[in-house]
Amino acid sequence: MTLVGTYRALPPWRRLPETSRPKVSVIFGRPIQAAPGSEPSAVNDQIVKAITLGLAEAEAGWYGALRAEAEGTFAAVAGSSAGSSTGDVGDSARWQRIWKATAPDKSTRRTVWVK
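Given the structure is predicted, the values throughout are model-derived calculations rather than measurements.

Caption draft 1: Representation of the side chain of Thr-2 within the structure. By the secondary structure assignment, Thr-2 is in strand β1 (residues 2-4). Residues in contact with Thr-2, not counting those within four places in the same chain, are Ser-25, Val-26, Ile-27, Ala-50, Ile-51, Gly-54 and Leu-55.

Structure representation (structure tokens):
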């Protein structure tokens, strides 16, 4: 299960959720099966891969995420905030990740001037 948009709905520095009703999506993936006696790091890698696939689905759609998974490029589709399948967060600084996560949605942004 991947949650997209929760950072915008309730940033860590706020006590109450945003009043503007930001878009929050819940994406359900395939179940993760841990074999008896499997290493925790192997299960952790499966979880990271499932979350990254969910983020790729939010970015590129269901078919785009499945296609990127088959090609092995779904970490790039999910963006730098998802990291890679090894679990690293990326080269960007913390403030840049916060800036990107709180950027206004282009689809819901109202304009003052009518075109």
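Caption draft 2: Highlighting the packing of aromatic side chains. Inspection of every chain in the model, using the stated rule, returns one aromatic pair. Taken together, a centroid distance of 6.1 Å and an interplanar angle of 75° make the contact between Tyr-7 and Trp-13 edge-to-face. For Trp-13, a relative accessible area of 57% gives the class exposed.

Caption draft 3: Quick peek at the confidence of the model for the protein. This prediction gives the protein a mean pLDDT of 76; 74% of its residues lie at or above 70. Scored below 50 in pLDDT, residues 80-89 makes 14 contacts in the model with residues more than four places away or belonging to other chains.

Caption draft 4: The arrangement of the pattern of salt bridges in detail. Inspection of the entire model under this criterion finds two salt bridges. A salt bridge links Glu-69 to Arg-30; its shortest N-O distance comes to 3.1 Å. Taken together, the residues span a long stretch of sequence, with Glu-69 in helix α2 (residues 40-71) and Arg-30 in the loop between β2 (25-27) and α2 at a distance of 39 residues. Notably, a salt bridge pairs Glu-71 with Arg-67, separated by 3.4 Å at the nearest N-O pair. Here Glu-71 pairs with Arg-67, and both are found in helix α2, just four residues apart, close to one helical turn. Residue classification places Glu-71 among the exposed residues on the basis of a relative accessible area of 52%.

Caption draft 5: Structural view of α2. Given a rise of 1.5 Å per residue, 32 residues ought to cover 46 Å, yet the end C-alpha atoms of α2 are separated by just 26 Å, more than 12% below that figure. Of all the bends in α2, the largest measures some 125° and sits at Ala-60. Positioned one or two residues after α2, Gly-72 has a phi angle of 85°, which is positive.

Caption draft 6: View of the side chain of Thr-52. Within the secondary structure, Thr-52 sits in helix α2. Assessed through its relative accessible area of 2%, Thr-52 is described here as buried. At 2.7 Å, the side chain of Thr-52 and the backbone oxygen of Val-48 are in polar contact.

Caption draft 7: Main features of unusual backbone geometry. Even without being glycine, Arg-21 reaches a positive phi, approximately 55°. As for its position among the elements, Arg-21 is in the loop between α1 (6-9) and β2. Exposure remark for Arg-21: the relative accessible area of 77% places this residue in the exposed category.

Caption draft 8: Up close: the environment of Phe-28. Along the chain, the position of Phe-28 falls in the loop between β2 and α2. For Phe-28, a relative accessible area of 65% corresponds to the exposed category. Note: C-alpha distance between Phe-28 and Thr-2 (26 residues apart in sequence) is 6.5 Å.

Here is what the cut-offs are and how they apply
Residues numbered from 1 in each chain as written. Predicted model: local features only at pLDDT ≥ 70, side-chain atom pairs only at ≥ 80, totals over all residues. Heavy atoms only, no water. Helix = DSSP H or I, 4+ residues; strand = E, 2+ residues; numbered from the N terminus. Contact = heavy atoms within 4.5 Å. Phe/Tyr/Trp six-rings, centres within 6.5 Å; stacked < 30°, edge-to-face > 60°. Buried < 20%, exposed > 50% of the residue type's maximum accessible area, 1.4 Å probe, protein only. pLDDT = per-residue confidence, 0-100. Salt bridge = Lys/Arg side-chain N within 4 Å of Asp/Glu carboxyl O. Expected span 1.5 Å × (residues − 1). Bend = angle between axes of the 7 residues up to and from the residue. Polar contact = N/O pair within 3.5 Å; in protein donor to acceptor, adjacent residues only side chain to side chain.

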